[in-house]
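Summary of the model geometry
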Amino acid sequence: MTPSRILFTLAVMLTATAAAAHTGEGAAGGFASGFFHPIFGWDHVIAMVAVGLWGAFLGQPAIWILPVVFPLVMAIGGALGVAGVPLPAVETGIALSGIVLGLMIALAVRAPLWVAAVIVGIFAIFHGHAHGTELPEAANPYAYAVGFVIATGLLHLCGIALGFLTLLPWGRNAIRATGVAIAAIGGAFLVGIA
Amino acid sequence: MRRATTALTLAIALRPDTGAAHAFQAGSGLYTQFLEGLTVTLTYPAILLCLLPMGLLAGVWRSGGLLSVWHWFIAAQVVGIFLAPLVPPEIYLATLSLGIVTAVLAALYPQPPRTVVITLAALTGLVATCAAFEGHALLEPPIAARAGVILGANLALSVAAALPDSTLERWPYPWLRIGWRIAASWLAAITVMVFAFELSPYLNP
């Protein structure tokens, strides 16, 4: 690169003004904040995928009941968070969700449907509360809600899609191994090393 | 109804109050007024989140489900025009509550009895119209804006119903039906959150 080009590049870089395009404000920023909130948090990702995986593992009708129950109850947790209602040990609850759901998959627990729905529902409250309390001030709240609900649902669908591996001869063991990994990651969050 | 009660009701309905929610002031031409009315229905979350779940429920309920309850919706809209001047500003909480109930039903029990769907369709038409015209005297909104509101509501309802209805008719796979029920649960979750935002003192100081 010639010196003149370097000088020109430096001049352009040093005279750059503040970005106005993606400030996190408005509807687009709100949607992005909400959408990436579950996706950029590994503690959320493992739990959402685990819900889909466990549902696929349990078969009909759990395969769709669990991903339907989770967003509904999660939204109630989110509403509590937005309203400022305190919930004890939210982060612990989120970490425990990874451990418990991971172990359910790893041990191939065939819980009755209502038990599975209650377990998933309880943990959904913690995840929703975290989303509700961490709503960025600048973000459009409506777009934020749409974003995090859709992201959560898509993570469930990823889990369900992975769960279809159980139809293959080796798939069942692979999914159970994934459950072990999910429980281990949840444990890492619980003891604070992740 | 006794004559005095009728007179009082008419007086309240016709009072020249200024609408705070949707002022219907921007449009000077008929088309602009029409667009303004359309925009009220399609951009106000409390109204839209009441209409979309109803459409979704009608779409997953049965093939051509909306067609068998649509006239109830439209009749309730007409009633809603006359009731709107009487409703309090908190009507949006009723639209959101109804949206939550309808979306949860579409997600968990998408084949309810016909009377339930008719009741929900009528209630949706009623509260959505009341919410759109809330705060306005009966004769205040221009006819074109009124037409925009009514058409916008029917547009949102029909599109929300047509998507599941047509896809399920074209591809009658169980997983697709499950997919629409999951979408209904997402809609319910979003509506619960919006309900919380509307009540939150942090967001509505």
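What comes next is a walk through the structure. The model shown is predicted, which means the values in this text are computed figures rather than measured ones.

With respect to the overall build of chain B
The helix and strand inventory of chain B stands at eight helices and zero strands. Listing every helix and strand of chain B by position from the N terminus yields α-α-α-α-α-α-α-α. Per-residue burial for chain B yields a buried fraction of 53% across its 205 residues. Expressed as a percentage of contacts within chain B between residues at least 6 apart in sequence, the contacts between residues at least 24 apart total 84%. Of the roughly 9,400 Å² of accessible surface on chain B, 72% is carried by carbon and sulfur atoms.

Observations regarding the overall build of chain A
Within chain A one finds eight helices and zero strands. Listed by position from the N terminus, the elements making up chain A come as α-α-α-α-α-α-α-α. Within chain A, buried positions represent 48% of all 194 residues. Within chain A, contacts between residues at least 6 apart in sequence are counted, and of these 84% link residues at least 24 apart. For chain A, the exposed surface amounts to about 9,200 Å²; the carbon and sulfur share of it is 74%.

Concerning a nonpolar patch on the surface
A cluster of nonpolar side chains, Leu96(A), Leu190(A), Val191(A) and Ile193(A), forms an exposed patch at the surface whose accessible area comes to about 390 Å². The topology assignment puts Val191(A) in helix H8 (residues 171–191).

Concerning the packing of aromatic side chains
When we look at a pair of aromatic rings, we describe it by the centre distance and by the angle of the planes. All names here are of chain A. For the structure on display, the rule yields seven aromatic pairs over all chains. Ring plane angle 65 degrees and centroid distance 5.7 Å describe the contact between Tyr 144 and Phe 148, whose orientation is recorded as edge-to-face. One end of the pair, Tyr 144, and the other, Phe 148, are both in helix H7 (residues 141–163), four residues apart, so they sit about a helical turn from each other. By relative accessible area, Phe 148 is classed as buried at 0%.

Re the packing of helix H3 (residues 45–61) of chain B against helix H5 (residues 91–108) of chain B
Residues and elements named next belong to chain B. Contact geometry of H3 with H5 gives a least axis separation of 8 Å together with a crossing angle of 25 degrees. Comparing their axes, H5 and H3 come out roughly parallel. In the packing of H3 onto H5, the handedness of the crossing is left-handed. Residue-level inspection shows Pro 45, Ala 46, Ile 47, Leu 49, Cys 50, Pro 53, Met 54, Leu 57 and Val 60 of H3 in contact with H5, the latter providing Tyr 92, Thr 95, Leu 96, Leu 98, Gly 99, Thr 102, Ala 103, Leu 105 and Ala 106. Of the residues in the contact of H3 with H5, the class split is 15 nonpolar, three polar and no charged.

Here we look at unusual backbone geometry
Residues and elements named next belong to chain A. In this structure, Pro 61 follows Gln 60 across a cis peptide bond, with omega equal to -5 degrees. Structurally, the position occupied by Pro 61 is in the loop between helix H3 (42–58) and helix H4 (62–83). Unlike most non-glycine residues, Ala 89 shows phi in positive territory, near 55 degrees. Secondary-structure assignment places Ala 89 in the loop between H4 and helix H5 (90–106). Overall, Ala 89 belongs to the partly exposed group, its relative accessible area being 47%. You will see that Ala 108, though not glycine, has its phi angle at about 55 degrees, which is positive. When you line up the elements, Ala 108 lands in the loop between H5 and helix H6 (113–133).

As for the interface of chain A and chain B
Listed per partner, the contact involves 23 residues of chain A and 21 residues of chain B. A buried area of about 2,100 Å², summed over both sides, lies between chain A and chain B, and 86% of it is on carbon and sulfur atoms. It is Trp64(A), Leu72(A) and Tyr142(A) that lose the most area in chain A upon contact with chain B, and together they represent 29% of the buried surface on that side. For the pair chain A and chain B, the interface holds zero salt bridges. At the junction of chain A and chain B, the tally comes to one residue pair in polar contact (both at pLDDT 80 or more). Those elements that provide at least two residues to the side of chain A that touches chain B are H4 and H7 of chain A. Within the side of chain A that touches chain B, the residues separate by chemical class into 19 nonpolar, three polar and one charged.

Notes on the nonpolar core
Counting residues in each nonpolar core, the largest one holds 109 residues, and the members touching the most others are Trp54(A), Leu66(A) and Met54(B). If you tally residues by element for this core, the top one is helix H8 (residues 174–199) of chain B, at 15 residues. Beyond its immediate sequence surroundings of up to four residues, Leu66(A) is in contact with Val51(A), Trp54(A), Gly55(A), Leu58(A), Ala116(A), Ala117(A) and Val120(A).

Some points on the side chain of Arg181(B)
Within the secondary structure layout, Arg181(B) lies in helix H8. Of the side chains bearing the opposite charge, Asp165(B) lies closest to the buried Arg181(B), which forms no salt bridge; the N-O distance is 15 Å. At 3.3 Å, the side chain of Arg181(B) and the backbone oxygen of Leu108(B) are in polar contact. The contact partners of Arg181(B), leaving out residues within four places of it in the chain, are Trp64(A), Val68(A), Ala106(B), Ala107(B), Leu108(B), Tyr109(B) and Pro110(B).

Rules of the game
Residues numbered from 1 in each chain as written. Chains lettered and ligands numbered in written order. Predicted model: local features only at pLDDT ≥ 70, side-chain atom pairs only at ≥ 80, totals over all residues. Heavy atoms only, no water. Helix = DSSP H or I, 4+ residues; strand = E, 2+ residues; numbered from the N terminus. Buried < 20%, exposed > 50% of the residue type's maximum accessible area, 1.4 Å probe, protein only. Contact = heavy atoms within 4.5 Å. Areas by Shrake-Rupley, 256 points an atom, 1.4 Å probe, with all protein chains shown as cover. Patch = residues over 30% accessible without salt bridge, like charges linked within 9 Å, V, L, I, M, F, W, Y side chains within 5 Å. Salt bridge = Lys/Arg side-chain N within 4 Å of Asp/Glu carboxyl O. Phe/Tyr/Trp six-rings, centres within 6.5 Å; stacked < 30°, edge-to-face > 60°. Axes fitted to C-alpha atoms, helices over the stretch in contact; angles between N-to-C directions. Parallel < 35°, antiparallel > 145°, perpendicular 65-115°, else oblique. Left-handed = near helix turned anticlockwise from the far one by under 90°. Nonpolar A, V, L, I, M, F, W, Y, C, P; charged D, E, K, R; others polar. Buried area = accessible area lost by both parts, 1.4 Å probe. Polar contact = N/O pair within 3.5 Å; in protein donor to acceptor, adjacent residues only side chain to side chain. Core = buried A, V, L, I, M, F, W, Y, C linked by side-chain atoms within 4.5 Å. Lys, Arg positive; Asp, Glu negative; His and termini not counted.

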